[in-house]
Each structure stands twice: as C-alpha cells, then as structure tokens.
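This is what each chain is made of:
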Amino acid sequence: MITIITNKDLGTGTEASQRADGRAFDELRPLKIEAGVLKRADGSAYLELGGNKVLVAVYGPRELHIRRLMQPNRAVLRCRYNMAPFSVDDRKRPGPDRRSVEISKITSEALTPAVFLEKFPRSTIDVFIEILEAEGGTRCAGITAASVALADAGVPMRDLVVSCAAGKADGQVVLDLSEVEDKDGEADVPVAIMPRTGEVTLLQSDGNLTAEEFEKALNLAIEGCKKISKEQKNAIIKRYGD
Amino acid sequence: MIFIEDKEMVIPGDVLADDEYHSGRGTFKEDGKICSSLVGLVAVRDKKISVIPLQSKYIPKRGDVVIGEITDIRFSMWNLDINSPYSGILPASDVFGKEKRDLNRTFDVGDVLFLRVVDVDEVKKVKLGLKGRGLGKFRDGILIYITPTKVPRLIGKKGSMINMIKDETKCEVVVGQNGVVWVKGEPTMERVAEKVINMIEEQAHTSGLTDRVRNMLFELLGKEKPSEEPKEDEEQEEDVENGEELIQ
C-alpha cells in the first residue's frame, strides 16, 4: 500500500529547472490519496504528497458530552493535527505545541464552511490528522486528506475542500514548496479552496512577497488545488470500485 | 438540463442538474444548480433528484422502530445508545405506568431492547417507548451494526432478502431502522448470518445482490448450489420503505 519515494530518484541536475528536486515551477510533488483505510473510524483517508505521509480519521457526527462546547443549532467540527515524534529528522517532542494548536484551529476553520453542520445540532464531528512523515506542506496535505475522510464518513458537504501551498524560493514563485524550499525560501502561502465555487477557506502568508508576487503565488496555488481536487475525487470513487 | 444519469455515483459538490429539477434528499440548491452533498448513488424520480448515501448516521424520526442498548439508569428513566449522534431516553412511566418500581430490576445496563421512537423534539431529544407489538427486551443473540441507509436493501422487496436469511440459517433476525440487527439462533448459524449481513452491507450498491447472497448462503451452509434460473431481480433500494421487521 505504501510506496516510499526517495528524493534521490528525483532530479538529475540536467533539467532547466532551478528547483532542488528538479520540478517545474508549477509542478506538484507525486500525489497519492486513498480513502477508507481504517476499519473502526467512520471515515478515513491516507495521503502521500512527495515525502509527506498523512493519515486522517473522522468520527461522527456523534454525541458531544462537553456541555460548554455544545451548539444548540449546529454540530461542532473539532480537529486535531498531530505530528508523530518520528515524522521529522530530529525527534519531535510528542504532544500539542504552539504550531500544532494553530494548525488544528485553521484546519477546522478551513473545513467548517463546507460542512452542513446545521443538520446535526448538539453533536460533534471529530477529525484527527496524524502526520506520519513530514516534508513541507503538511497542513495543506492534512486539509486535503481530511475532506476526503469526511466524505468517506458520509458527512454532508457543499464541496470537497482542497488545499495547496505556493511560495517563493530562490527568488522564484513556485508551487507546492518542499521542506528545503520552505526553510530556505523567502515566502510560503498555503491556500484552501472549495473548487466548485472557488471560495477561499484558508489563506495564510509567511515571509515577504511583493503584491505582484503574492497574486502570482495565490493563482498558482489555486491551480494546484484544482489538480489535487481531481485526485480527491478519484480516491473516493475508487473506494467503492468503478 | 441534467448532468448525470440515474444510479450514477456522485461525490459532494458534484453538480447534478439545473433549476427545473427538484432537490431531494442528499442534495442542495446553490446558484440555481442542484448539487450533491454526499457520496452516493443518484436516484431520479420524475423531476426530483436525490442521492442515496453509501455511508450515513441514523437520525431518529418519530415512528421508527430501533434497537437500543441501555447505557445508564437515572432516577426515572433509562438512557439508551441507539447507534446515532443522539442518545434516547426511555421514561420509567412508559414501562411501569403510574406504579413506582425499581428501575434496576427491570432493565440493567447492557440490556438490548427493541423500541419505538415516540417523539423527537427540536433539540433532538429522543423519547422512546415500548408499547407495540413485538417490542421489548432481547435475550441472548448477537448484534450486527450496518449503515442505516442499507437497511431497506437488507430487508429486500417485501422482505425477500431477510426471509431468505431467516429460512436458511433458522435464526431469528430483527432489523432496527437505526442499522442495528439482532440475530439469535445456533451459534454457528449466527456467524453465518453475520457474514452474510456484512457482505450485504459491503455490496449494497451493486445489482443482482439477492443471487449472490443466495449463493453465499448455500456455500457457507455446505449445500448444493441452486439451479441458475433467471429471475427478475432488480430491487429498487428506495421502494422498500417499511423497515419494520418484527419478531414473528
């Protein structure tokens, strides 16, 4: 089920591309999505994007026992983004930190507009995003996989939210930043959209970009999202055969 | 204008048709277009488009018959898990009438009951009742959980599928509309029924299921395969509206 992609296979140094892994400026890393991988979860998805490996489980709609979180007119969407200690080169101290709390929050906010929460008052939908291996752009990978898992769980949604990052590395605006590009690059712009209407549900920007560069990055990211969206659809259809 | 065919598989956000059609279950209207909100199969009836989900949770409805497990005993009622985002309550007065009796003695935590949904209010408080034919406590047997939308498929046209399972395995089978199935019989037969029911759930969206179920039953029971006679076997998932399978 899991194919390991090593960075050595990518890039021979002879291409015209300036990027470390030899990709074109608007090229995504190899992508694979699989739906329904966990038996006991209501819905689940596994996603690989380059060196990223993400597992998402969705439970619910289910009963919410925490009274103060309960909404009388709609469900609450709770997300937990968690990186495995072995997901990065230097062992990550387990447990939530400032970064993962932020990503949990923005994931929930990116998915909420798509879900018909008002159909399930007083209940909760729980999304657990586990990063097994990280290689830059895990929040986007997490959101993309989470919406596949939500669809797999049978949660009614307006659209499948899809997410992709663009940014600036080595003075060039590029799509889908890898780990090195993210660390050494100038800027990172993660975007999540609902592809049918084009509504943006997540837009962050880290680093320095001029207005033109930002616009270019945003458009590039939206194009990337549309490509990923096709893979999401295939993954769900493949789950049920033909 | 319609963009899909009957029985085609769709996913959330797929545009199904223009304004001239009506939006049914599993769909929503946006900018004059009808879109799917679920992963499921399209059902077009006249001018109404609905999507039958492949996976769903049970939402209690008044009048449904469900199977529930007692999770808690309170001062004057029992709390039940009904395989749904909402738990059900069974008031003691419904069981005892005006009489005051000890709740623990009647039903204990873990007991499995067959109940009717008496009322669901606007905050989704689910009131259950035991009044009706066949309702009450189950003794022994096993529980199998399936997706509630696949209950009509398990029952089949006029109960054809479920009766076949009952006849072949000699088990008592009761299906609640919340997707809980209770099976009681010989332990080996219970296992056979469980396997068959799980197979039906997995393949509910395919056609010609009754034949495959029959073959599987015969294979598991070590009987000879029945002669292959062509049968008109195109059950409509939707046509079977009565999910009530009461104890004989």
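> Can you explain the overall build of chain A? Please cite residues and give values.
Check the secondary structure of chain A and you find four helices and ten strands. Listing every helix and strand of chain A by position from the N terminus yields β-β-β-β-α-β-α-β-β-α-β-β-β-α. Counting only C-alpha atoms, chain A reaches 55 × 40 × 40 Å along its principal axes. Here chain A, with 242 residues, has 52% of them falling under the buried criterion. Contacts spanning at least 24 positions in sequence make up 67% of the contacts within chain A whose residues lie at least 6 apart. With an accessible surface of roughly 11,500 Å², chain A has 51% of that area assigned to carbon and sulfur atoms. Averaging the positions of the 34 positive and the 37 negative side-chain charges in chain A gives two centres separated by 9 Å.

> Please give an account of the pattern of salt bridges that cites residues and values.
In the structure shown here, the tally under the stated rule is 28 salt bridges over all chains. Across the salt bridge formed by K29(B) and D19(B), the nearest N and O atoms sit 3.6 Å from each other. On the criterion of sequence distance, the pair formed by K29(B) in strand β4 (residues 27-30) and D19(B) in the loop between β2 (15-18) and β3 (22-23) is long-range, its members being ten residues apart. The class of D19(B) is partly exposed, set by a relative accessible area of 46%. Each of R19(A), D21(A), R23(A), R29(A), E135(A), D176(A) and E181(A) takes part in salt bridges that share partners, so that together they form one network.

> Could you give me a rundown of unusual backbone geometry, with the residues and numbers involved?
Negative phi values dominate among residues other than glycine, just as trans dominates among peptide bonds. Cis geometry marks the peptide bond from G60(A) to P61(A), where omega comes out at 0°. Secondary-structure assignment places P61(A) in strand β3 (residues 52-63). Despite not being glycine, D31(B) has its phi angle at roughly 50°, a positive value. Inspection of the secondary structure assignment puts D31(B) in the loop between β4 and β5 (33-36).

> Give me the interface of chain A and chain B: which residues, what numbers.
Facing 28 residues of chain A, the contacting portion of chain B comprises 24 residues. When chain A packs against chain B, the two sides together hide about 2,200 Å² of surface, and 60% of this comes from carbon and sulfur. When the buried surface of chain A facing chain B is broken down by residue, R122(A), R196(A) and Y240(A) rank first, second and third, together holding 27% of it. One can count two salt bridges joining chain A with chain B. In this structure, the salt-bridge partner of E30(B) is R196(A), at a minimum N-O distance of 3.2 Å. Viewed at the interface, chain B and chain A are joined by nine residue pairs in polar contact (both at pLDDT 80 or more). For the side of chain A that touches chain B, the secondary-structure elements that each account for two or more residues are β3, α2 (138-152) and α4 (211-239) of chain A. With four residues, β3(A) is the largest single contributor of residues to the side of chain A that touches chain B.

> Which residues make up the packing of helix α4 (residues 160-169) of chain B against helix α5 (residues 187-202) of chain B, and what values do they have?
Residue and element names in this part refer to chain B. One way to put it is that α4 packs onto α5 with a least axis distance of 10 Å and a crossing angle of 155°. By the criterion of interaxial angle, the relationship of α4 to α5 is roughly antiparallel. The element α4 and its partner α5 pack so that their crossing is right-handed. Across the interface between the two elements, M161, I165 and T169 of α4 pack against M189, V192, A193, V196, I197 and I200 of α5. Per-class residue counts for the contact of α4 with α5 are eight nonpolar, one polar and no charged.

> I'd like to hear about the nonpolar core, residue by residue, with values.
Ranked by internal contacts, the top residues of the largest apolar core, which has 77 residues, are V127(A), L150(A), W78(B), L90(B) and L128(B). It is α2(A) that contributes the most residues to this core, eight residues altogether. Those residues in contact with W78(B) that lie beyond four places of it in its chain are I70(B), D72(B), I73(B), G88(B), I89(B), L90(B), A92(B), V95(B), F96(B), L103(B), T106(B) and F107(B). In terms of nonpolar packing, the next biggest core, distinct from the first, is built from 24 residues, I144(B), V151(B), V192(B) and I197(B) among them.

About the thresholds
Residues numbered from 1 in each chain as written. Chains lettered and ligands numbered in written order. Predicted model: local features only at pLDDT ≥ 70, side-chain atom pairs only at ≥ 80, totals over all residues. Heavy atoms only, no water. Helix = DSSP H or I, 4+ residues; strand = E, 2+ residues; numbered from the N terminus. Buried < 20%, exposed > 50% of the residue type's maximum accessible area, 1.4 Å probe, protein only. Contact = heavy atoms within 4.5 Å. Areas by Shrake-Rupley, 256 points an atom, 1.4 Å probe, with all protein chains shown as cover. Lys, Arg positive; Asp, Glu negative; His and termini not counted. Charge placed at Lys NZ, Arg CZ, Asp CG, Glu CD. Salt bridge = Lys/Arg side-chain N within 4 Å of Asp/Glu carboxyl O. Buried area = accessible area lost by both parts, 1.4 Å probe. Polar contact = N/O pair within 3.5 Å; in protein donor to acceptor, adjacent residues only side chain to side chain. Axes fitted to C-alpha atoms, helices over the stretch in contact; angles between N-to-C directions. Parallel < 35°, antiparallel > 145°, perpendicular 65-115°, else oblique. Left-handed = near helix turned anticlockwise from the far one by under 90°. Nonpolar A, V, L, I, M, F, W, Y, C, P; charged D, E, K, R; others polar. Core = buried A, V, L, I, M, F, W, Y, C linked by side-chain atoms within 4.5 Å.

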